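# Structural overview for review
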Amino acid sequence: MVFLLLAVALGVGFQAGAGLAWARNAMLALGAASLLAGIVIAWFIARSFHRSSHNALKTAQRLDRVLQNVNARDS
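Basis of the calculations
- Residues numbered from 1 in each chain as written.
- Predicted model: local features only at pLDDT ≥ 70, side-chain atom pairs only at ≥ 80, totals over all residues.
- Heavy atoms only, no water.
- Helix = DSSP H or I, 4+ residues; strand = E, 2+ residues; numbered from the N terminus.
- Buried < 20%, exposed > 50% of the residue type's maximum accessible area, 1.4 Å probe, protein only.
- Areas by Shrake-Rupley, 256 points an atom, 1.4 Å probe, with all protein chains shown as cover.
- Patch = residues over 30% accessible without salt bridge, like charges linked within 9 Å, V, L, I, M, F, W, Y side chains within 5 Å.
- Salt bridge = Lys/Arg side-chain N within 4 Å of Asp/Glu carboxyl O.
- Contact = heavy atoms within 4.5 Å.

### Thoughts on the overall build of the protein
For the protein, the helix and strand inventory stands at 2 helices and 0 strands. Per-residue burial over the protein gives 7% buried out of 75 residues. For the protein, the accessible area works out to roughly 6400 Å², and carbon and sulfur atoms hold 69% of it.

### Considering a nonpolar patch on the surface
Among the surface-exposed residues, Leu36, Val40, Trp43 and Phe44 lie close enough to one another that they form a single nonpolar patch of about 410 Å² accessible area. Looking at where Val40 falls in the secondary structure, it is placed in helix α2 (residues 19-74).

### Focus: the environment of Leu6
The residue Leu6 is located in helix α1 (residues 2-15) in this model. Judged by relative accessible area, which is 12%, Leu6 ranks as buried. Sequence separation of Leu6 and Met27 is 21 residues, and the distance between their C-alpha atoms is 8.3 Å. The residues touching Leu6, leaving out its near neighbours within four places in the chain, are Met27 and Leu30.

And the structure:
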């Protein structure tokens, strides 16, 4: 979809006489937007992994405390 929009935008730019400089600026803008989107997506994925591993660690620590209390009472 993005490539179709880019092709249309480049076609309009060339028809308007903007030429190669306009096309280069459009490609740089699209590249910058893609890079920014990639960074944001990577940040959300990393945050999700961090939260799930943090929750798993908290759960394991709670379970360990419970099992220590059960084992202490059984002794």
